[in-house]
Amino acid sequence: MVATPDPQVYDLGHLGLVASTVDRVGASTVHVGSLGRAGGASCWSSTQLHIMRPRCASWGPGDITCRGFRIRTMKRVRLQEVAQVAGVSLGLASAVLNGRHVRARPETVERIREAAQRLGYVPDRMAQAMRWGRTGIIALVVPNFANPYYSALAVEVQRAAWEADLEVLVYANPTEDLAQVSRAVSARRVDGGIIVVSHYTPEELKAHLPLEIPWVGVGHALEPLPFDRVSFKDKEAAMDAVRYLADKGYRRIAHLAGPAPSPTAKARLEGYLEAVSALGMPALVQEGTFRYGDNQRALQTLLGWRADALLAGNDLMALEALAFLQDRGVPVPQGMAVVGFDGIPMGEWVRPQLTTIVRSPRASAQAALARLLARLEGAGEPPQEVWLDTSLRPGDSA
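Residues numbered from 1 in each chain as written. Predicted model: local features only at pLDDT ≥ 70, side-chain atom pairs only at ≥ 80, totals over all residues. Heavy atoms only, no water.

**Considering the packing of helix H5 (residues 148-163) against helix H13 (residues 361-376)**
(1) Moving on: Across the interface, H5 lies against H13 with an axial gap of 8 Å and an inter-helix angle of 45°. As summarised for this structure, H5 and H13 are arranged oblique, according to the angle between their axes. For H5 against H13, the interelement crossing comes out right-handed. The residues of H13 that touch H5, namely those facing Tyr149, Ala152, Leu153, Glu156, Val157, Arg159, Ala160 and Ala161, are Pro361, Arg362, Ser364, Ala365, Gln366 and Leu369.
(2) Moving on: In terms of residue class, the contact of H5 with H13 is made up of nine nonpolar, two polar and three charged. (Axes fitted to C-alpha atoms, helices over the stretch in contact; angles between N-to-C directions. Helix = DSSP H or I, 4+ residues; strand = E, 2+ residues; numbered from the N terminus. Parallel < 35°, antiparallel > 145°, perpendicular 65-115°, else oblique. Left-handed = near helix turned anticlockwise from the far one by under 90°. Contact = heavy atoms within 4.5 Å. Nonpolar A, V, L, I, M, F, W, Y, C, P; charged D, E, K, R; others polar.)

This is the structure in structure tokens:
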């Protein structure tokens, strides 16, 4: 007898299919006791699935072959099974795996977690939502992914959330239509959210965010907000950057500022103005945008003012400045030094490497999630503001 190759095995556990029972095997059909979705009505019950049965195919419980493909259905692991393997009560297993405080020995807690991992137990988010009033899902709202800083922030928020057994829905909002995002967030029944607030006015935030759930803002705001906020000390960082350039001998330090309505741009501009004033230097400021490619005219003006150093409003503006100066034969840093803001990885890829102010996305994500978790656990204090330190990363551009 010539054996046919084993068909491809498909694992349908991730689709929520519960195990089927193969009762009888015919020439071209398999009689299945039940095949359904966990927590719902069966998709098929006591039915026959028509197949192209390979020769020499062995059949057993949990195997179905359909059109030449063997499907190995996997039962969704129930919490009761985890408790049984760990030798504990269902209530204790539930408390441990849902992150609630328990009075149990550390070795018992570890045994429960090991059993869950070994069995492949995944909490049922819908069941948790019905039982505890939470979905285990949070939202993250960022302006866009054109700026790599926001991509890095999203990665770090997701990393920190996973460590807290939370899932993250990320909304990139390039149109800055907060009402549309708020409708989507409300429809998904998230437990809370983190939002980059610097792209919205306080009025927009108050009018459109569903404030019945906790929020944490990331970034600067023009006035106090009705929820916690995490931001970097950008004003102080700008002052440090100016002093750094002055210590290297630069005397005509310019600032390519972000757009005037931006509270982030405002904080950095204030730091620059305060520093050059204290040093007795002229203030050389041109307003630009935070986007790469939109600042040619402003850069040409600063070059005409004989600036010998430039503090850019963010790293994308600084990278544009490097390209602008290179195209005009101005050596960096000999002809003009350049310092950026944010610390995106691209600053280390270019030559000369960019000197920049680093605002750690990981620190921001961890601080924001810590505040959000505190609110989810019922912290009732007034809105808190958390200020994070920056660092200057020396490169070859200044």
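Following the structure, the description resumes.
**Description of the packing of aromatic side chains**
(1) Moving on: Under the criterion given, the structure shown has one aromatic pair.
(2) Moving on: Both rings, one in Tyr149 and one in Tyr150, keep their centres 6.1 Å apart while their planes meet at 80°; by these two values the pair is edge-to-face. The same class applies to Tyr149 as to Tyr150, namely buried.
(3) Moving on: If you follow Arg268 out to its NZ or CZ, it ends over the ring of Phe341, 4.2 Å from the centre.
(4) Moving on: Its end group placed over the ring of Tyr149, Arg359 keeps NZ or CZ at 5.4 Å from the ring centre. (Phe/Tyr/Trp six-rings, centres within 6.5 Å; stacked < 30°, edge-to-face > 60°. Buried < 20%, exposed > 50% of the residue type's maximum accessible area, 1.4 Å probe, protein only. Lys NZ or Arg CZ within 6 Å of the ring centre and 35° of its normal.)

**What about helix H11 (residues 315-327)?**
(1) Moving on: Taking 1.5 Å as the rise per residue, H11 with 13 residues should run 18 Å; its terminal C-alpha atoms sit 18 Å apart, in good agreement.
(2) Moving on: Of all the positions in H11, only Asp315, Leu316, Met317, Ala318, Leu319, Glu320, Ala321, Leu322, Phe324 and Leu325 are classed as buried.
(3) Moving on: Looking at where H11 begins, the residue whose side-chain oxygen comes 3.2 Å from the main-chain nitrogen of Leu316 is Asn314.
(4) Moving on: The positive-phi residue at the C-terminal boundary of H11 is Gly329, with phi of around 70°. (Expected span 1.5 Å × (residues − 1). Polar contact = N/O pair within 3.5 Å; in protein donor to acceptor, adjacent residues only side chain to side chain.)

**Focus: unusual backbone geometry**
(1) Moving on: At the junction of Val332 and Pro333, the peptide bond is cis and its omega measures out at 10° in the coordinates.
(2) Moving on: The residue Pro333 is located in the loop between H11 and strand E15 (337-342) in this model.
(3) Moving on: With an omega dihedral of 0°, the bond running from Arg351 to Pro352 counts as a cis peptide bond.
(4) Moving on: Examined against the element boundaries, Pro352 turns out to sit in the loop between helix H12 (346-349) and strand E16 (355-358).
(5) Moving on: You will see that Asp342, though not glycine, has its phi angle at about 130°, which is positive.

**Some details on the packing of helix H10 (residues 296-304) against H11**
(1) Moving on: Packing of H10 against H11 leaves a shortest axis separation of 11 Å and a crossing angle of 60°. Viewed along their axes, H10 and H11 adopt a mutual orientation that is oblique. When you trace H10 past H11, the crossing you get is right-handed. Taken together, the residues of H11 that come into contact with H10 (itself represented by Gln296, Leu299, Gln300 and Leu303) are Glu320, Ala321, Phe324 and Leu325.
(2) Moving on: Per-class residue counts for the contact of H10 with H11 are five nonpolar, two polar and one charged.

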